[in-house]
Amino acid sequence: MSSSVSGAPPVKLLDLSPDFVADPYPVYARLREQGPVHRVLTPYGEDLWLVVGHEACRAAYTDPRFSRDWRTHGHLAPQLPAYAYGPGNAHVLLSDPPDHTRLRRLVAREFTPRRIEALAPRVQQVTDELIDAMTADGARAADVIDALAFPLPMTVICDLLGVPDLDREAFRGWSNEVVAPTSPEAEQAAYGAAMPYLTGLIAAKRKAPGEDLLSAMIHTADEDGDRLSEDELLSMAFLLIVAGHETTVNLIGNGLRALFHHPDQLALLRGDLPGLIDGAVEEVLRYDGPVEGSTPRIAREDVEFLGAHIPAGSSVVIVMADADRDEARFEDPHRFDIRRDARGHIAFGHGIHFCLGAPLARLEGRIALRTLLERLPELAPDGSPDAGPWIPGELIRGVRKLAVRW
């Protein structure tokens, strides 16, 4: 079943389970039993290498032979789309040290814990307003993704960046194509639409700066006078809007699905709000986090890694979802237990690419789930919580729709 030799054919994930997209965990566990590294063919026709298991994933995150820098090493992977070299790709997620070190330092100067914590009242206000709208006129059912899970983080990240007039539905479409492309052409069109919009936005902020994060990033400089370039600003703005809402949408959705599937845990949480909410959010992140696998790495060279020979130019995906279900790290890992000590999960990555927005996602997840359960004590799924449709691809894990009633 396994394939960890470069000349061997890839394992077809759908051959291992036709339900792989909805429930990939048994497939990852079977692969992990065979070894930590596997060449696979995904349900979407991608030939790549998966790293599974907690320790193997942590090791892959910190191995400098696996690069995130498309611009420098993209020639090794000719299947990369042309726009990978265009504007919008000069951000921390697509860079290696020393560029990554510099970019993260400049952004982190403004994306501070204090700035995030100060957002709590606004997150609560937006959550309450969205639930008010969801329950208006005696409504007793809704799609909680459309009604709350999407507009909450999108509103908050736009507030944070100072983008009150963003066409959020248009940006939702662009973002969906970036994280889960329906085709290479559609993905390229999304970049083509988003970049001019953000270029104009940055120009406007440069002329009339506000108290927002984007204005701060435009004008911030380190002790040596170093600033973000125009392309770096464009890229970071795009990354923050996309990553600033996609993760939280699916943290909320996956959290509700996990609680619906485990009514004993739902009852436990309802009985101790807010006491158990922090632990519940961490267990959701571990048990069924919003990011299934890392953005792909490019093997800079032929790499011998944990017994596998990975040829130069190969795409390598680190499966955080399996790392956090590894029995070598977590006892009884397939059990959802909101009282578990879930520390050590890598739902937000590991090492230098640990998610800069993790505190914001946690804040929004805590407030959204707690407020939903407090205000709607009869909240329940309206049909199967797994009805979907599921988000395609190996990066984001979640459903596009989640029908609920109360």
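What comes next is a walk through the structure.

## Quick notes on the pattern of salt bridges
Here's step 1: Scanning the entire structure with this criterion turns up 26 salt bridges.
Here's step 2: A salt bridge links arginine 257 to aspartate 288; its shortest N-O distance comes to 2.8 Å. With arginine 257 in helix H13 (residues 230-261) and aspartate 288 in helix H15 (residues 277-288), this residue pair connects regions lying 31 residues apart in the sequence. Of the two residues, arginine 257 and aspartate 288, neither departs from the other in class, the shared state being buried.
Here's step 3: Of the charged contacts, one joins aspartate 332 and arginine 335 as a salt bridge, the two residues approaching to 2.8 Å between their closest N and O atoms.
Here's step 4: On the basis of relative accessible area, arginine 335 is assigned to the partly exposed category, the value being 36%.
Here's step 5: Salt bridges linked by common partners bring Arg32, Asp322, Asp326 and Glu327 together as one network.

## Some details on the sheet that holds strand S3 (residues 47-51)
Here's step 1: Strand order in the open sheet made by the six strands is S1-S2-S3-S9-S6-S4, with mixed pairing throughout. A single partner strand is all that each edge strand has here, and the edge strands are strand S1 (11-12) and strand S4 (66-67).
Here's step 2: Bridging between strand S6 (residues 297-299) and strand S9 (residues 315-318) involves two bridges; their strand directions are antiparallel. Bridged to arginine 297 within S9 is valine 316.

## Some points on the packing of aromatic side chains
Here's step 1: Counting across every chain of the model gives six aromatic pairs.
Here's step 2: On the numbers, 5.4 Å between centres and 55° between planes, the contact of tyrosine 191 with phenylalanine 238 is tilted. Of this pair, tyrosine 191 sits in helix H11 (residues 184-207) while phenylalanine 238 is found in helix H13, placing the two residues 47 residues apart along the sequence. Both residues of the pair, tyrosine 191 and phenylalanine 238, count as buried.
Here's step 3: Directly above the ring of tyrosine 25 sits arginine 325, whose terminal nitrogen or CZ lies 3.7 Å from the centroid.
Here's step 4: Directly above the aromatic system of phenylalanine 330 lies the positively charged group of arginine 329, at a separation of 4.6 Å from the ring centroid.

The rules behind the values
Residues numbered from 1 in each chain as written. Predicted model: local features only at pLDDT ≥ 70, side-chain atom pairs only at ≥ 80, totals over all residues. Heavy atoms only, no water. Salt bridge = Lys/Arg side-chain N within 4 Å of Asp/Glu carboxyl O. Helix = DSSP H or I, 4+ residues; strand = E, 2+ residues; numbered from the N terminus. Buried < 20%, exposed > 50% of the residue type's maximum accessible area, 1.4 Å probe, protein only. Pairing = 2+ DSSP bridges. Phe/Tyr/Trp six-rings, centres within 6.5 Å; stacked < 30°, edge-to-face > 60°. Lys NZ or Arg CZ within 6 Å of the ring centre and 35° of its normal.

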